[in-house]
Amino acid sequence: MAYSFLSRRAEIIQSIRTFFINRGYLEVDTPIRLPCLIPEAHIEPEQSSGWFLQTSPEMCMKRLLAAGHNEIFQICRCFRKNERGSRHLPEFTMLEWYRAGIDYVELMAECADLLRFVAARVDCPDRSGAALLCKADWEYLTVHRAFDLYAPVSVDQALAGDLFDEILVRDVEPKLGKGRPTFLHDYPAALGSLARLKKGDNRVAERFELYVDGLELANGFSELTEVGEQQQRFVKERALIEGQGRQPGPMPDRFLADLGELQSAAGIALGVDRLVMLLCGARSIDEVVAFTPETL
Amino acid sequence: MYTASDLRKGLKVEIDGEPYIVTDFQFSKPGKGQALYRTRLKNMVTGNAFERTFRSNDKFQRAPLEERTMQFLYSQGDEFHFMDNKTFEQIVISREQLGDNINFLIDNMEVDVLLFKERPIGVTLPNFVNLVVIKADPWAKGDTSGTDTKPVTVQTGYTLQVPPFIEEGEKLQIDTRTGQYLTRVKE
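Residues numbered from 1 in each chain as written. Chains lettered and ligands numbered in written order. Predicted model: local features only at pLDDT ≥ 70, side-chain atom pairs only at ≥ 80, totals over all residues.

### Section: the overall build of chain A
Then step 1. Counting its secondary structure elements, chain A contains 10 helices and 12 strands.
Then step 2. What you see for chain A is a C-alpha radius of gyration of 19 Å, in line with the 19 Å of a compact globule of 296 residues.
Then step 3. Counting all 296 residues of chain A, 43% fall into the buried class.
Then step 4. For chain A, the proportion of contacts with a sequence separation of at least 24, taken over those separated by at least 6, is 69%. (Helix = DSSP H or I, 4+ residues; strand = E, 2+ residues; numbered from the N terminus. Rg over C-alpha atoms; globule rule 2.2 N^0.38 Å. Buried ≥ 20, exposed ≤ 12 C-beta atoms within 10 Å, placed from the backbone. Contact = placed C-beta atoms within 7 Å.)

### Digging into the domain arrangement of chain B
Then step 1. Under the domain assignment, chain B is made up of domain 1 (2-62), domain 2 (65-124) and domain 3 (128-185).
Then step 2. Its C-alpha centre places domain 1 of chain B at a distance of 29 Å from the equivalent point of domain 2 of chain B. (Domains from an automatic or database assignment.)

### Details of the sheet that holds strand β13 (residues 150-154) of chain B
All names here are of chain B.
Then step 1. Strand order in the open sheet formed by five strands is β14-β13-β12-β15-β16, and the pairing between neighbours is antiparallel. The outermost strands of the open sheet, each flanked by one partner alone, are β14 (159-162) and β16 (180-185). Between one strand and the next, the sheet's axes are offset by a mean angle of 50°, whatever the strand orientation.
Then step 2. Here five bridges tie strand β15 (residues 171-175) to β16, and the two strands are oriented antiparallel to one another. Pairing of Asp175 across the sheet is with Gln180, part of β16. (Pairing = 2+ DSSP bridges. Axes fitted to C-alpha atoms, helices over the stretch in contact; angles between N-to-C directions.)

### A short note on the nonpolar core
Residues and elements named next belong to chain A.
Then step 1. Counting 80 residues, the largest nonpolar core has Val276 and Leu279 as the members making the most contacts within it.
Then step 2. Of all the elements, helix α3 (residues 104-121) adds the most residues to this core, at eight residues.
Then step 3. With residues near it in sequence (within four places) discarded, Leu279 still touches Arg8, Ile12, Ala119, Val122, Cys124, Gly129 and Ala130. (Core = buried A, V, L, I, M, F, W, Y, C linked by C-beta atoms within 7 Å.)

What follows is the structure, given as structure tokens:
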């Protein structure tokens, strides 16, 4: 059956909702068409009559968080231009959640709780992905250590040679999440645009990525709440976008103003299509969506 | 001009003056990182392959390839002469470049010649070709040796396995991609 994955996909999304509702989270749905976005050098947005389709619901959700909604989650569509491959769709489904008063370490624990909950509830014929998520002892590996273990050069050498992404993709990622899920954490400070720098070690940001069986599933961090610092980072990011010959959209001024109200918090984005891939044992993202751009 | 985001399996590009075909392609993008286009490229002249990763702002020239239908005229030693039936232009392709195709090449056959900057780099034959058997052992009826094929030689000198009932002078249809016997052709 061509569409047999659809019922499993629906079960997965239903289980995610149940998990968050059980924990007292509020489900929100924010606009997907926006007049300005958080500037990101390596994400190109789709335009929509002078505005933009969201590349993630981050901006609106953090404004809600700043307004005092302390536990919120959202499952929504995001759009990123020119991203197409066996693990990428230009329109995809994202889960994001934010929680006030916690940091990235507590968020990693909650992420593991969520995925174990979903894996245990969803009926999967190929249990390999689910079995990995049900493991008790997930791996916690710093980016520094991962490069020492798997890459031919250190993190600092990779950054100096402008080869961090290439080496991460070629040498490090394929080794992650084998036998049990891996949280890759403590990213170089320059690679955590909206993340807080680590207390006691400002060379790294309190940011993590979750990998399961070589597949990147989620990205989370302790939120940066200093308005001035965030503004400076945005200015740098916009300069990078201009350097690529692209026009950065307007500065997200209301977001920056609201950021001043934000207390400590942590937030995470998880690719729902990839989670479905993992729990269906699918090799391509095409196998877990009803339609791809090519079949429309 | 192509950019990296145009890369697809089967795309033909020119790199350092040589034509390459993309034989494998994977889009990668580590979280918050830049888009990477990982490819495996095969040189269309030498057949050499290698892996290379591109970034989204990398640019390529389209490989200037042209396919023309040409007729095989004759061979002289290791040189095979073809003619474009529209322009009457003639070109020479070496035995080495033709490779296994010479097993199926007969006078007046129309083939597709692939040219890179006017230089022939490959020939595609029709998928099916009819060739006459010039040498075959007679079929011993009641042969109990258990073999269900025998070798025959066709007009080009190519030898292949066919059913035992095939005899000298018969015409066979052969698949040029696999070199295998398909059926007997009755005129």
